[in-house]
Amino acid sequence: MNTLFKLKILLIMVVSTSIVLSACVKKPADEGLSGTVVIQGSDTMVDLGAFWAEEFMRKNPGVSVSISGGGSGVGIKALIDGTTDIAQSSRAMKSDEIEKAKVKGIEPYEFMVGKDGLSVIVHPDNPIVGLNKNELSLVFQGKITNWKELGWEDKPILLLSREATSGTHIFFKENIVQLIDKKAEFSPGALLLAASSAIVREVAANKYAIGYVGLGFVNPKVKALKVAKDKDLPYVYPTIETVKNGDYPISRPLFFYTKGEPTGVVKHFLDFVLGPDGQKILEELEFVPIK
Amino acid sequence: MKLKEKVIVKLIFIAGYSAIFFSLAIFYYILKESLPFFQLYSLGEFITGNQWYPVSEPPKFGILPLLSGSFIVALFASLITIPTGLIVAVYISEIAPLWVRSFLKSSLEILVGIPTVILGVVALYTLVPFLRNLFNIPTGLTALAGVLMLSLMAIPTMASLSEDSLSSIAPSLKANSLALGATRWQTIRYILIPSARSGIIAAALLSLGRVIGETMVVLMITGNAPQVMFSLLKPVRVLTATIGAEMGEAVFGSAHYHVLFTLGLVLLIISTIINITSYFLLGRKK
């Protein structure tokens, strides 16, 4: 398996050990912060959350932070059901989700904690260096179906997408596929894969595939394309810097949602995440800090 | 002593009837969760729609892409499974030497027990790239990959159950046939297979049920592209994989949540039809 997977296992071990340890060495309340924070949501952000939790617990041994993934929608659902303190989400809450929360007496508060650039990836043998947003839109709608139309071999394009319920899928659809026509859809022939790592694996193995993943998923076995906002504008390679200064055109905000205004230990955690230490961790994991 | 016996009889009674209770309870629950869907979405568009975009605004819940995917995969998997499984069963019960027989029978049973997710992972790294190179197609994640893996899973079920019914035929029948001068092939073809007919049909329908109900393998290797088409070399999305992949993130109480139960209801109806068919096929023989 890949290193990311190993890292994940290691992380889960570290986090669970630290939860146990923190429970063992719990100090009396007057010596510092204590309590628990439950976090659930976006799969894109689950590693990020684990690093934040670990660092925060190291600084505040009286606190235990538990973190789990499942997807942005799962986290938001948990927030509405009241089973999590913070929902991590790689997309904004939908209006019907906000209404459902209000019916249950929960006022969701939104905090942007970072940004993520979405890279469009192809096989390293693909000679195409960059595409503009309009071309990407046509490719993923299935209106450009052959690499010949983009100036390469006469071979059909294999489209790779995430599952329709994934936050990444929804963001890419709303911002690229529906760039011009708000009713446009992904091509029905696009493969729906369960994870970003599966998209990277398929692109690495398939010369004629194209897919999209977060910046942190790009590895040397695949090639990230330069993207231009329009065909006359400069083509920009996705990096932390170009996403941060806004030159790279496909980036999305990463959110925390809390039940009402955060208080107590949840507020401390949020302050930590938005502070310099939390934002540094963001950058270490190839996400983009907001400051 | 008598009390103990009574308790045991009652327990057996409860165990027997609980099966009926749970089937009905599951059916009721699925029905209850799927009916609200038709207040949110039109039945006609559901049945005739050829687009599946569950999270779009407005969403499109056409069942045809999923139904065609399930249909093509189940059809070809049964076309491979049923004859192959029967041949294996005949070989094991009638042709193979005794030591091969017990060895083959136990290997089949081991094959039945392999968790499907493991078969899926193995296929992902071996069968899928192989198919892509063999047919020179854009991706190996196709209906064909699903068909081949499902056959591999269902053949042992088919073979093992058919073998059971072939070997339960009275030995005198076979002996009489051979004594009358029939060849071994004639005995198998005209005496043994017809005598075991009901068992073989039951085995075939159980294998078909396994093929239609399987989720993990098809989710992993059929590519999951919800499109209406009837080609083995294209990616497809099947009913079970749709429920498996989307249930986790469907907003509770939304049309999307309810439609996934409706897909479950469709699956339940299909398996009920299979069971009723087998009931009539087997009943006619008696």
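When you go through chain B residue by residue, the secondary structure sums to 14 helices and 2 strands. Pairs at least 24 residues apart make up 73% of the contacts formed inside chain B by residues separated by at least 6 positions.

Okay, the overall build of chain A next. Within chain A one finds 10 helices and 11 strands. In chain A, which comprises 291 residues, the proportion classed as buried is 44%. Within chain A, counting contacts between residues at least 6 apart in sequence, those at least 24 apart form 74% of the total.

Next up on the list: helix α8 (residues 143-167) of chain B. All names here are of chain B. In this model, α8 (25 residues) spans 35 Å end to end at C-alpha, consistent with the 36 Å of a helix rising 1.5 Å per residue. At Ala 154, α8 shows its maximal bend, which comes to roughly 30 degrees, and the proline Pro 156 appears one to four places after that position. Of all 25 residues making up α8, 20 are buried, and the element is well covered by its neighbours.

Attention shifts here to unusual backbone geometry. We note that A:Glu286 has phi near 65 degrees; this positive angle belongs to a residue other than glycine. Take A:Glu286: it is sitting in the segment after α10 (276-284). Here A:Glu286 falls in the partly exposed class, since 17 other C-beta atoms lie within 10 Å of it. For B:Asn136, which is not glycine, the phi torsion reads 55 degrees and is therefore positive. Positionally, B:Asn136 belongs in the loop between α7 (127-135) and α8.

On to the pairing of strand β3 (residues 86-89) of chain A. All names here are of chain A. The alternating pattern of β3 places Ile 86 and Gln 88 and Ala 87 and Ser 89 on opposite faces, both of which are buried. Sheet topology note: the β3/strand β11 (residues 251-259) ladder contains 4 bridges and is antiparallel. Directly across from Ile 86, in β11, lies its bridge partner Thr 258.

Let us look at the interface of chain B and chain A. With 23 residues of chain B in contact, the opposing surface of chain A contributes 23 residues. When its residues are assigned to classes, the side of chain B that touches chain A shows 14 nonpolar, 7 polar and 2 charged.

Now for the packing of α8(B) against helix α11 (residues 197-213) of chain B. Residues and elements named next belong to chain B. Where α8 contacts α11, the axes come no closer than 8 Å and their chain directions differ by 160 degrees. Between α8 and α11, the crossing angle belongs to the class labelled roughly antiparallel. Remark: the crossing between α8 and α11 carries right-handed chirality. Every residue of α11 that contacts α8 at Leu 150, Met 153, Ala 154, Thr 157, Met 158, Leu 161, Ser 162, Asp 164 and Ser 165 is listed here: Gly 199, Ile 200, Ala 202, Ala 203, Ala 204, Leu 206, Ser 207, Arg 210 and Val 211.

Residues A:Leu160, B:Val73 and B:Ile221 are the most contacted members of the largest nonpolar core, which totals 142 residues. Per-element accounting of this core gives the leading share, 12 residues, to α8(B). Setting aside anything within four residues of it in sequence, one finds B:Val73 in contact with B:Ala143, B:Gly146, B:Val147, B:Leu150, B:Val218, B:Thr222, B:Val236 and B:Val238.

We now examine the environment of A:Gly189. Turning to its location among the elements, A:Gly189 is positioned in the loop between α6 (167-177) and β7 (191-193). Sequence-distant contacts of A:Gly189, that is, excluding residues within four places in its chain, are made with A:Gly142, A:Leu159, B:Ala225 and B:Gln227.

Attention shifts here to the packing of helix α2 (residues 46-59) of chain A against α10(A). Residues and elements named next belong to chain A. At a minimum axis distance of 10 Å, the contact between α2 and α10 shows a crossing angle of 145 degrees. In terms of crossing hand, the pair formed by α2 and α10 is right-handed. Taken together, the residues of α10 that come into contact with α2 (itself represented by Leu 48, Phe 51, Trp 52 and Glu 55) are Asp 277, Gly 278, Ile 281 and Leu 282. Among the residues forming the contact of α2 with α10, the class breakdown is 5 nonpolar, 1 polar and 2 charged.

Residues and elements named next belong to chain B. Looking at chain B as a whole, the pLDDT averages 90, with 98% of positions reaching at least 70. Confidence scores differ between elements of chain B, with helix α14 (residues 255-285) showing the lowest mean pLDDT of 86 and helix α4 (residues 64-95) the highest of 94. The complex model carries a pTM of 0.79, and its ipTM stands at 0.77.

Following the sequence through the fold, A:Phe269 ends up in helix α9 (residues 264-274). Considered as a pair, A:Phe269 and A:Val65 are 204 residues apart in the sequence and their alpha carbons are 9.2 Å apart.

Once that is clear, we can look at the pairing of strand β6 (residues 158-162) of chain A. Successive residues of a regular strand alternate their side chains across the two faces of the sheet. Residue and element names in this part refer to chain A. Burial runs high along β6: 5 of the 5 residues are buried. Pairing between β6 and strand β8 (residues 209-214): 2 bridges, direction parallel. Paired with Leu 158 across the bridge in β8 is Ala 209. In this sheet, β7 lies alongside β6 in parallel orientation, the contact comprising 3 bridges. Considered in β7, the bridge of Arg 162 is made with Leu 193. Each parallel crossover has a hand, and for β6 linked through α6 to β7 it is right-handed.

Below, the discussion takes up the environment of A:Asp43. Residues and elements named next belong to chain A. Within the secondary structure, Asp 43 is located in the loop between β1 (35-41) and α2. Residue classification places Asp 43 among the buried positions, given that 22 C-beta atoms sit within 10 Å. Along the sequence, Asp 43 and Val 74 sit 31 residues apart, while their C-alpha atoms lie 9.8 Å from each other. Those residues in contact with Asp 43, other than ones at most four positions away along the chain, are Gly 69 and Gly 71.

Calculation criteria
Throughout, a residue's number is its position along its own chain's written sequence, starting from 1. The order in which chains are written sets their letters, starting at A; the order in which ligands are written sets their numbers, starting at 1. Reporting of local features is limited, given that this is a predicted model, to residues whose pLDDT is at least 70; pairs of side-chain atoms are given and counted only at 80 or more, and all residues count toward the totals for whole chains, interfaces and linings. Helix numbers and strand numbers start at the N terminus; a helix is a DSSP run of H or I with at least 4 residues, a strand a run of E with at least 2. Placing C-beta atoms from the backbone, we regard two residues as in contact once those atoms come within 7 Å. Residue burial is a threshold on neighbouring C-beta atoms within 10 Å of the residue's own C-beta, all placed from the backbone, with 20 or more meaning buried, 12 or fewer meaning exposed, and counts in between meaning partly exposed. In this analysis, the expected span of each helix is defined as 1.5 Å times one less than the number of residues it contains. To get the bend at a residue, fit one axis to the 7 residues ending there and another to the 7 starting there, then take the angle between the axes. Any two strands with at least two DSSP-identified bridges between them are counted as paired. Gly counts as polar in this scheme, as do all residues outside two lists: the nonpolar Ala, Val, Leu, Ile, Met, Phe, Trp, Tyr, Cys and Pro, and the charged Asp, Glu, Lys and Arg. Orientation is described by lines fitted to C-alpha atoms, with helices fitted over the stretch in contact, and by angles between N-to-C directions that extend from 0 to 180 degrees. For classification purposes, angles smaller than 35 degrees are called roughly parallel, those larger than 145 roughly antiparallel, those between 65 and 115 roughly perpendicular, and all remaining angles oblique. Whether a crossing is left-handed or right-handed is set by the direction in which the near helix is turned from the far one by less than a right angle, anticlockwise for left-handed and clockwise for right-handed. In these notes, a nonpolar core means any group of buried Ala, Val, Leu, Ile, Met, Phe, Trp, Tyr and Cys residues linked to one another through C-beta atoms within 7 Å. A score from 0 to 100, pLDDT tells how confident the predictor is in each residue. Throughout, right-handed denotes a crossover for which the path from the first strand over the helix to the second runs clockwise when the strands point away from the viewer.

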